[in-house]
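# Fold and contact review
So the chains spell out like this:
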Amino acid sequence: MHRAIALYSGGLDSLLSIIIVIQQGIEVIAIKFLTGFTSPLKESDLEYARQFGFEIKEINIKEKFIEILKNPAHGYGKNLNPCIDCKILMLKEAKEKLSEFNASFVITGEVLSQRPMSQKREILKLIEKQATLKDLILRPLSAKILPPTKPEIQGVVNRELLYDIYGRTRKPQIDLAKKFGIEKPPQPAGGCLLTDPSFCRRVKDLMQHDELTVENVELLKIGRHFRISEKCKAIVGRDEEENKILLSKGAFIYPSDMKGPVVFLIGQYSAKDIDTAASICAFYSKRKEVVIKLPQEKIKIYDATTKEEIVKYRV
Ligand code: SF4
């Protein structure tokens with residue numbers, strides 16, 4: 001039996017592409033690449049895998065992705081999404097796995113001209129060239145309007161059973177989902193945080209202060225964020241769950257009765273930064289007694305920072 005590797009985002013397009021290929025009797029191993037900006041596998045992904053008969057593997061590329069994000073050779077999309085370089089990275093990683101998984105080609109859920117930059121005809125070609133996967137990337141949703149790939153030429157895949165979807169319309173994909181019995185179709189793409197402008201504002205702040213690391217990106221997903229000085233940033237927990245996470249990371253500022261947010265500092269903090277963070281803690285907890293546990297526990301009285309300062313520091 002022939003086997004293919006699929007780039008699986010968890011979105012509808014990648015799922016449809018996998019099903020189309022499976023229906024031609026090809027075994028598919030779907031790879032969900034973990035970049036730090038996309039969600040990990042969900043229960044629904046595993047359900048689709050069971051329903052349609054494919055295997056899913058997660059591969060961590062967070063460190064490599066961060067390096068790309070700092071300086072993408074092909075630039076950013078509308079927000080901080082380095083889609084062209086991201087695709088090249090994922091395809092290169094997939095290529096590395098071809099022999100390990102005994103697969104002979106790669107499939108993606110890309111649709112010609114669906115996205116203004118990364119899915120133009122010439123860009124698809126460029127991505128293919130840079131990933132050194134010439135003729136080995138099959139895009140089942142648009143294959144009929146793209147040049148034939150090696151698996152089609154060799155008769156492994158029947159081109160006639162592939163599709164000619166073009167542009168931004170979603171109707172053909174929704175129709176296909178119905179045809180394949182997908183009751184609740186997932187979103188078109190996998191939901192990348194780098195397309196969310198407010199999340200990108202926080203990422204930009206880390207970049208500008210040379211603090212973009214895998215660990216700091218994880219922290220962007222929780223709490224309120226404040227740039228309190230050039231070298232220091234404060235994260236304020238919004239609920240018990242977030243407070244627990246921040247305490248486990250080493251947060252040492254919190255209200256003395258623990259009824260309010262924990263504050264975690266990133267970077268190099270001065271005594272002034274600690275005072276500012278404690279005043280922010282006083283603001284959100286509406287309490288003046290704040291513990292500074294560094295290293296021994298000291299309770300100090302702080303006035304809450306002003307609303308104007310909160311707005312000024314907010315990232
Ligand atoms: S949206 Fe995010 S995950 Fe998708 S290609 Fe662009 S950078 Fe990569």
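What you see as residue numbers is a count from 1 along each chain, following the sequence as written. This being a predicted model, a pLDDT of at least 70 is required before a residue's local features are given, and a value of 80 or more before pairs of side-chain atoms are given or counted; all residues contribute to the totals for chains, interfaces and linings. For the side-chain quantities, the full set of heavy atoms in the structure was used; hydrogens and water were omitted.

### Observations regarding the side chain of Asp45
Applicable threshold: In this description a helix means any DSSP run of H or I spanning at least four residues, a strand means any run of E spanning at least two, and both kinds are numbered starting from the N terminus. Think of it in three bands: with a 1.4 Å probe and only protein chains considered, a residue is buried below 20% of the maximum accessible area for its type, exposed above 50%, and partly exposed in between. When charges are tallied, Lys and Arg are placed among the positive residues and Asp and Glu among the negative ones, while His and the ends of the chain are skipped. A pairing counts as a salt bridge when a side-chain nitrogen of Lys or Arg comes within 4 Å of a carboxyl oxygen of Asp or Glu. When checking whether two residues touch, look at their non-hydrogen atoms; a contact exists if any pair is within 4.5 Å.
Here Asp45 is to be found in helix H2 (residues 43-52). Nearest to the buried, unbridged Asp45 among oppositely charged side chains is Lys42, at 4.1 Å. Asp45 has contacts with Tyr8, Gly10, Pro40 and Ile56, leaving out every residue within four places of it along the chain.

### Structural notes on the packing of aromatic side chains
Where we set the bar: Only centres within 6.5 Å qualify two rings of Phe, Tyr or Trp (six-membered ring in Trp) as a pair; their planes then separate them into stacked at under 30 degrees, edge-to-face at over 60, and tilted for everything else.
The tally for this structure, following the rule as stated, stands at six aromatic pairs. Judged by centre distance (5.3 Å) and plane angle (50°), the rings of Phe252 and Tyr269 are tilted. Of this pair, Phe252 sits in the loop between helix H10 (240-248) and strand E8 (253-255) while Tyr269 sits in the loop between strand E9 (263-267) and helix H11 (271-285), and the two are 17 residues apart along the sequence. Tyr269 sits in the partly exposed class, given a relative accessible area of 35%.

### Comments concerning the UniProt feature "domain: Thil AANH" (unreviewed entry) in the protein
Note the following rule: UniProt positions are given in the numbering used here, feature names are shortened, and annotations may be inferred rather than shown by experiment.
Feature annotation in UniProt places "domain: Thil AANH" (unreviewed entry) on residues 3-141, given in this structure's numbering. Taken end to end, residues 3-141 comprises 40% helix and 17% strand; its first and last C-alpha atoms sit 18 Å apart.

### Description of the environment of Asn71
Position of Asn71 among the secondary structure elements: in the loop between helix H3 (62-70) and helix H4 (83-98). For the pair formed by Asn71 and Pro82, sequence separation is eleven residues and the distance between their alpha carbons is 8.9 Å.

### A look at the pattern of salt bridges
Here the idea is simple: oppositely charged side chains can pair when their charged atoms come close. The final tally for this structure, using the stated rule, is 21 salt bridges. Residue Glu43 pairs with Arg50 through a salt bridge whose shortest N-O separation is 3.0 Å. For Glu43, a relative accessible area of 46% puts it in the partly exposed group. Measuring nitrogen to oxygen at the nearest pair gives 2.8 Å for the salt bridge that ties Asp205 to Arg227. Here Arg227 lies in strand E6 (residues 224-229) and Asp205 lies in helix H8 (residues 197-208), a separation of 22 residues in the sequence. Grouping residues by exposure puts Asp205 and Arg227 together as buried. A network of salt bridges, in which partner residues are shared, links Lys87, Glu110, Glu128 and Arg139.

### Describing the pairing of E6
Worth spelling out the cut-off: Note on pairing: two strands pair once DSSP finds at least 2 bridges between them.
Sheet analysis places E6 next to strand E7 (residues 232-236), joined by five bridges and oriented antiparallel. By the bridge assignment, His225 is partnered in E7 with Ile235. Where E6 folds back onto E7 in an antiparallel hairpin, the turn is made up of two residues.

### Describing the nonpolar core
Threshold: We call a set of buried residues a nonpolar core when its members are Ala, Val, Leu, Ile, Met, Phe, Trp, Tyr or Cys and they connect through side-chain atoms within 4.5 Å of each other.
Counting 72 residues, the largest nonpolar core has Ile18, Phe37, Phe54, Phe105, Ile107, Ile182 and Val203 as the members making the most contacts within it. Setting aside chain neighbours within four positions, we find Phe37 in contact with Phe65, Ile66, Leu69, Gly191, Cys192, Leu193, Leu194, Phe199, Val203 and Val217.

### Remarks on the side chain of Asp85
Along the chain, Asp85 turns up in helix H4. The side chain of Asp85 is buried and forms no salt bridge, while Lys92, the nearest opposite charge, is found at 8.1 Å. Beyond its immediate stretch of four places on either side in the chain, Asp85 contacts Ile68, Pro72, Ala73, His74 and Gly75.

### A closer look at the packing of helix H1 (residues 12-22) against helix H7 (residues 171-179)
Cut-off, in case you're wondering: Axes here mean lines fitted to C-alpha atoms, for a helix over just the part in contact, with angles spanning 0 to 180 degrees between N-to-C directions. Angles below 35 degrees are treated as roughly parallel, those above 145 as roughly antiparallel, those between 65 and 115 as roughly perpendicular, and all remaining angles as oblique. Whether a crossing is left-handed or right-handed is set by the direction in which the near helix is turned from the far one by less than a right angle, anticlockwise for left-handed and clockwise for right-handed. By the convention adopted, Pro, Cys, Tyr, Trp, Phe, Met, Ile, Leu, Val and Ala count as nonpolar, Lys, Arg, Asp and Glu as charged, and the other residues, Gly among them, as polar.
At a closest axis distance of 11 Å, the pairing of H1 and H7 adopts a crossing angle of 50°. Between H1 and H7, the interaxial angle falls into the category oblique. Two packed elements cross with a definite hand, and for H1 against H7 that hand is left-handed. For the pair H1 and H7, contact is made by Leu12, Asp13, Leu16 and Ile20 and by Gln173, Ile174, Leu176 and Ala177, respectively. In the contact of H1 with H7, the residues fall into six nonpolar, one polar and one charged.

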